[in-house]
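Chain residues, written in single-letter form:
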Amino acid sequence: EIERDGERRTVIMALTASVFEHERAEIFASGSDDFILKPFRVEMILDKLAEHLSIRYRYEASAETPAHATREGLDVADGVRRASGNAELYWKLVDRFANESTATIARLRQLLDEHAIAEALDVLHTLRGTAATLGAHRVAQAAAALERDASASLDELSDALAEVRRSAEPVNAVASIESNGNTLEIANRLHALLATNDLAALECAAELRASLHPTLAPLGDELQSAVDRLDFEKASALLREISRGGLQPPEPPS
């Protein structure tokens with residue numbers, strides 16, 4: 001229930017399998033405040049309750065929660081929770097969502113230019129639900145705003161999707177690195193050389209820098225510079241940072 005103008009009333013949610021423009025009008029005319037498309041997930045209902053009742057949920061911290069609980073445009077902890085704690089699955093979904101986002105915006109622009117409002121609203125509704133599930137709350141809010149007023153600018157939605165794409169870039173880097181076992185081997189070798197102050201680290205650092213994904217290149221440059229100065233302590237710290245960004249942690253020297 002919500003309270004407005006001193007009166008309490010129950011929020012009514014319609015459940016429907018297909019919502020075209022005329023059906024939307026019928027749903028709202030019947031007294032419903034909103035609707036949920038079938039098939040639905042429990043999270044979709046929770047999102048609707050939060051939206052209409054102006055509430056926020058608090059979840060108990062879990063050992064499965066990733067260290068980087070938030071990234072630009074993403075509530076990672078919330079997204080992983082919705083993926084049943086499966087972080088690998090979550091990032092795969094984020095990667096797919098990010099890769100499709102540019103085409104989604106282009107499709108929306110086309111539909112709105114052609115005044116195909118019903119189709120545009122369907123795209124926005126799907127986008128909002130997916131974004132909410134992934135913890136991309138800014139995207140979800142921008143899509144919801146456009147659902148309410150399809151004549152509004154797409155700029156906010158476009159910017160919000162760009163944030164998600166930037167956050168997904170390190171994920172692509174991880175995929176690239178993990179597919180290259182040689183990079184992991186070089187990182188482990190460099191870790192051992194740095195731990196023993198071995199000057200062979202100079203050549204090994206250059207080898208690692210050449211094998212890194214472009215998104216990790218700036219850290220690779222810093223690492224190379226530190227090794228060139230024989231600042232092996234700083235280099236070790238940078239190697240650990242690179243590891244967190246896309247490599248499995250280097251194995252300790254035996």
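Look up: the structure comes first, before these words.
Residues numbered from 1 in each chain as written. Predicted model: local features only at pLDDT ≥ 70, side-chain atom pairs only at ≥ 80, totals over all residues. Heavy atoms only, no water.

**Things to note about the overall build of the chain**
Logical step 1: A count of helical and extended segments in the chain gives 11 helices and 6 strands.
Logical step 2: For the chain, the exposed surface amounts to about 14400 Å²; the carbon and sulfur share of it is 51%. (Helix = DSSP H or I, 4+ residues; strand = E, 2+ residues; numbered from the N terminus. Areas by Shrake-Rupley, 256 points an atom, 1.4 Å probe, with all protein chains shown as cover.)

**Re the pattern of salt bridges**
Logical step 1: Across all of its chains, the model carries 9 salt bridges by this definition.
Logical step 2: The residue Asp78 makes a salt bridge to Arg82 at a minimum N-O spacing of 3.1 Å. Taken together, the residues Asp78 and Arg82, both in helix α3 (residues 76–82) and 4 residues apart, mark about one turn of the helix.
Logical step 3: Given the relative accessible area of 8%, Asp78 is considered buried.
Logical step 4: A salt bridge links Glu119 to Arg107; the shortest N-O distance between them is 3.3 Å. In this pair, Glu119 sits in helix α5 (residues 117–134) while Arg107 sits in helix α4 (residues 87–113), placing the two residues 12 residues apart along the sequence.
Logical step 5: A relative accessible area of 43% places Glu119 in the partly exposed class.
Logical step 6: Several salt bridges converge on common partners, so that one network encompasses Asp78, Arg81 and Arg82. (Salt bridge = Lys/Arg side-chain N within 4 Å of Asp/Glu carboxyl O. Buried < 20%, exposed > 50% of the residue type's maximum accessible area, 1.4 Å probe, protein only.)

**Comments concerning a nonpolar patch on the surface**
Logical step 1: A surface patch of nonpolar side chains, amounting to about 210 Å² of accessible area, comprises Ile45, Leu49 and Ile55.
Logical step 2: The class for Ile45 is partly exposed, based on a relative accessible area of 33%. (Patch = residues over 30% accessible without salt bridge, like charges linked within 9 Å, V, L, I, M, F, W, Y side chains within 5 Å.)

**So, the nonpolar core**
Logical step 1: Residues Leu74, Tyr90, Val94, Phe97, Val139, Leu157 and Val164 are the most contacted members of the largest nonpolar core, which totals 34 residues.
Logical step 2: Going through the elements one at a time, α3, α4, α5, α6 (137–148) and α7 (155–178) are the ones with two or more residues in this core.
Logical step 3: Among the elements that line this core, the one with the most residues is α4, at 9 residues.
Logical step 4: Apart from the residues lying within four places of it in its own chain, the contact partners of Val139 are Phe97, Leu127, Ala131, Leu157, Ala160, Leu161 and Val164.
Logical step 5: With 20 residues, the next largest nonpolar core counts Leu212, Leu219, Leu223 and Leu238 among its residues. (Core = buried A, V, L, I, M, F, W, Y, C linked by side-chain atoms within 4.5 Å. Contact = heavy atoms within 4.5 Å.)

**Quick word on helix α10 (residues 217–228)**
Logical step 1: Between its terminal C-alpha atoms α10 stretches 16 Å, which fits the 16 Å expected from 12 residues at 1.5 Å a residue.
Logical step 2: Within α10, burial applies to Ala217, Leu219, Gly220, Leu223, Gln224, Ala226 and Val227.
Logical step 3: Leu230, located one to two residues past α10, shows a positive phi value of around 65°. (Expected span 1.5 Å × (residues − 1).)

**Quick notes on the side chain of His125**
Logical step 1: Inspection of the secondary structure assignment puts His125 in helix α5.
Logical step 2: The buried category is assigned to His125, whose relative accessible area is 7%.
Logical step 3: A distance of 3.2 Å separates a polar atom in the side chain of His125 from a polar atom in the side chain of Glu147. (Polar contact = N/O pair within 3.5 Å; in protein donor to acceptor, adjacent residues only side chain to side chain.)

**As for the packing of aromatic side chains**
Logical step 1: Going through the model one piece at a time under the given rule, you end up with 1 aromatic pair.
Logical step 2: Aromatic side chains Tyr90 and Trp91 sit 5.1 Å apart centroid to centroid with 70° between the ring planes, which places their arrangement in the edge-to-face category.
Logical step 3: A residue is classified by how much of its surface remains accessible, and Tyr90, at 0% relative accessible area, is buried.
Logical step 4: Judged by relative accessible area, Trp91 falls into the buried class, the value being 16%. (Phe/Tyr/Trp six-rings, centres within 6.5 Å; stacked < 30°, edge-to-face > 60°.)

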